[in-house]
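A look at the structure
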Amino acid sequence: MYTLVSLLAITFAFLALVSPSSAATADQWRSRSIYQVIIDRYALPQGADPTKCDTADRTWCGGTWNTLRENLDYIQNAGFTAVWISPVSQNYQGSTTPYGDPYHGYWIADATQLNDHFGTSDDLKALSDELHRRGMYLMVDVVVNDVMATSTDPDLSTYMFKNSSQYHPYCVIDWNNNTSIERCWLGDTVVPLPDINTEDPTVVSGFGDWIESLVKDYNIDGLRIDAAKHVNMDFWPVFCARAGVFCIGEVFGSDPVEAASFQGPNGLDSVLHYPMYNSLVDAFTIPGPLNTTAVSDMMAQSKALFKDTGVLGNFLENQDVPRWHNISVDPQSLYNAMVFNFMSDGIPIVYYGQEQYSNGNADPYNRAPLWPSGYANTTAYQLVTTLNKFRNFLTQNSTWLYSSANVLATTEYGIAIMKGDVVSIMTNIGSPPQNVSIPVYTPFQTETDLVNILTCAHWVVGSNGTIEVEYTLGGQPVVLIPSSELPGSGFCGFSSSSTGSSKYVSGASSAHAHSSWFTYSLAIGLIGVFLW
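Note that the structure is predicted; figures quoted are calculated from it, not measured.

1. As for the overall build of the chain
Across its full length, the chain holds 17 helices and 18 strands. By the burial criterion, 56% of the 532 residues in the chain qualify as buried. Of the contacts made within the chain by residues no fewer than 6 positions apart, 72% connect residues no fewer than 24 positions apart. A total of about 21500 Å² of accessible surface is found on the chain, and carbon and sulfur atoms cover 54% of it.

2. Some thoughts on the sheet that holds strand S13 (residues 422-427)
Read across the sheet, six strands follow the order S11-S12-S13-S18-S15-S16 without closing on themselves; strand pairing throughout is antiparallel. The outermost strands of the open sheet, each flanked by one partner alone, are strand S11 (406-411) and strand S16 (458-460). When the angles between neighbouring strand axes are averaged without regard to direction, this sheet yields 25 degrees. The pairing of strand S15 (residues 449-452) with S16 spans three bridges and is antiparallel. Note that in S16 the partner of Leu450 across the bridge is Trp459. Here helix H14 (residues 331-343) sits on the sheet in contact with strand S12 (414-419), S13 and strand S18 (478-482), set at roughly 155 degrees to S13.

3. Quick word on the confidence of the model for the chain
Predicted confidence across the chain gives a mean pLDDT of 91, with 89% of residues reaching 70 or more. Of the regions scoring below 50 in pLDDT, residues 1-22 engages in 29 contacts with residues more than four places distant in sequence or in other chains. Scored below 50 in pLDDT, residues 499-532 shows 49 contacts in the model against residues more than four places distant or in partner chains.

4. Description of the pattern of salt bridges
Throughout the structure, instances matching the rule amount to 17 salt bridges. Measuring nitrogen to oxygen at the nearest pair gives 2.9 Å for the salt bridge that ties Arg224 to Asp226. Take Arg224 and Asp226: they sit in the same class, and that class is buried. As a salt-bridge pair, Arg323 and Glu317 come within 2.8 Å of each other at their nearest N and O atoms. Looking at Arg323, the relative accessible area reads 1%, which means it is buried. Connected through shared salt-bridge partners, Asp73, Glu130, Arg133 and Arg134 make up one network.

5. Some words on unusual backbone geometry
Here Ile286 and Pro287 are connected by a cis peptide whose omega angle stands at 0 degrees. As for its placement among the helices and strands, Pro287 is situated in the loop between helix H11 (274-284) and helix H12 (293-305). Each neighbour pair has its own omega, and for Asp363 with Pro364 the value is 10 degrees, a cis peptide bond. Structurally, Pro364 can be placed in the loop between strand S10 (347-351) and helix H15 (379-394). Although it is not a glycine, Asn219 sits at a positive phi angle of roughly 50 degrees. Structurally, Asn219 is set in the loop between helix H8 (201-218) and strand S6 (222-225). Residue classification places Asn219 among the partly exposed residues on the basis of a relative accessible area of 25%. Phi at Tyr375 takes a positive value of approximately 50 degrees, unusual for a residue other than glycine. With respect to the helices and strands, Tyr375 occurs in the loop between S10 and H15.

6. Some words on the sheet that holds strand S3 (residues 137-142)
The pairing of strands in a sheet comes from backbone hydrogen bonds and takes either a parallel or an antiparallel form. Spatially, eight strands are ordered S8-S7-S6-S3-S2-S1-S10-S9 in an open sheet, and the strand pairing comes out parallel. Strands with a single pairing partner mark the edges of an open sheet, and in this sheet they are strand S8 (270-271) and strand S9 (313-314). Alignment of strand S7 (residues 246-249) against S8, held across two bridges, turns out to be parallel. Within S8, the position partnered with Gly249 by the bridge is Val271. Sheet contacts for helix H6 (residues 121-133): strand S2 (82-85) and S3; angle to S3, the most-contacted strand, approximately 140 degrees. On the sheet, helix H9 (residues 235-243) packs against S6 and S7 and is oriented at approximately 150 degrees with respect to S6.

Reading the values: the criteria
Residue positions are counted from 1 within each chain, in the order its sequence is given. The model is predicted, so local features are restricted to residues of pLDDT at least 70 and side-chain atom pairs to those at 80 or more, both for listing and for counting; the totals for chains, interfaces and linings are taken over all residues. Values shown for side chains rest on all heavy atoms present in the structure; no hydrogens or waters enter the calculation. Secondary structure elements follow DSSP: runs of H or I no shorter than four residues count as helices, runs of E no shorter than two count as strands, and numbering proceeds from the N terminus. For each residue, the accessible area found with a 1.4 Å probe, counting protein chains only, is set against the maximum for its type, and the residue is called buried under 20%, exposed over 50%, and partly exposed in between. When checking whether two residues touch, look at their non-hydrogen atoms; a contact exists if any pair is within 4.5 Å. With residues, only the protein chains shown are counted as cover, and all accessible areas are computed by Shrake-Rupley using a 1.4 Å probe. Pairing between strands is defined by DSSP: at least two bridges between the two strands are required. For helices, the fitted axis covers only the stretch in contact; all axes are lines through C-alpha atoms, and the angles between them, taken along N-to-C directions, range from 0 to 180 degrees. Per-residue confidence from the prediction method is given by pLDDT, with values spanning 0 to 100. One side-chain nitrogen of Lys or Arg within 4 Å of one carboxyl oxygen of Asp or Glu is enough to make a salt bridge.

This is the structure:
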């Protein structure tokens, strides 16, 4: 006869075996949209002086995991279903360098320790729990390529890996040599970044143990991997298997062949789509070349090269490139490019402050604090909210989610694409009205009633499936869908399928919530079987 103690012991042993650290796969991330945050710059604690953050000083301004948790409504109300946060590991703790302090989180010291500038272990767990309570995913930035030093002969005792054999010898990168890119050091002689020897078996196993524990301890749903192309490719499948979650890597550069080589079973689940970012800059920034063909060409190349365009990371800004509002003077250029990122293949990512027209150029000015904006309900914020709400509605339909976006038209004034039954027309003419138009041939039947979800205006399809967008009122983007598909969307007078609170809540709950309930149910079932 089993005693209660023995039953509990058996049950908890079972829980230890079957409880996954995470179950958030690439396919589950496909329907998500991501808001990227540098923790130090998102929100201040109550009572802090909001005027004391000078971006040029390159030092801490006071944002923490708790202040993000306390201000998640701003992100969720915009419809985002995931948050990507800057690295959580311990950073360099010495005196201020000529390049400032590691407020950004990327100057790693001991990866196994948390960064106490941003809070405690309980604080990070509370942030993760709150995101999952809201049905949102947590993505954490990780750095495995390097650590930070102040000389090319650092004291290794302060790092996770303490033996010289676990680092590549100092050398300057030859950007024309792939081995050099993987093994030589990023940074410079002022702040060098010692390159970790990720071919070393002790490094591979050490990083595997660390990431497995990190994901499990903090219920992390996905990883953004810094400087992915500076690590030997065969490291990534092992590392990501130990993590057990979606891995999206940074492969900085404009070459789609190079970027695509990192996606797949021999590399990562996904990469940030830098080649498309560069094409969008070419097509939409004002002033700029206004080359819309760059986008249509990159769409074709992406389909041919990438294993899965549906999980690529679409972005217009991040901590390593200029703010869009810095390189383009016209807000309509931002709006049109944003529509492309939400309505084409891939996972849309918005960098904090993009929706507030932050305008910094390079580091550190593209990392300015968000609070001076007052978290205003700007036109860009409203557009993001609309696009998120619409995309969240569309992703409930697997036909849209798994369909591939196709180019319907490309002219010198813009580009039209179709994904599922949604036609999006983006223009590069800017805000001033122009007497130009973009004719688009669609597969819709004549007299099909379409609705522009950005304005609720109705469009009737002409003969041979034609629609035509005129810009006599300026260069606004257009997103069209047959009105017959809008019931349940909550758009343009159509009822919403959701009930209760008007605040957007993700229809997909946390992967952890699903796995936890499943495990709990099995455990209760086991006890019942033994007692019976």
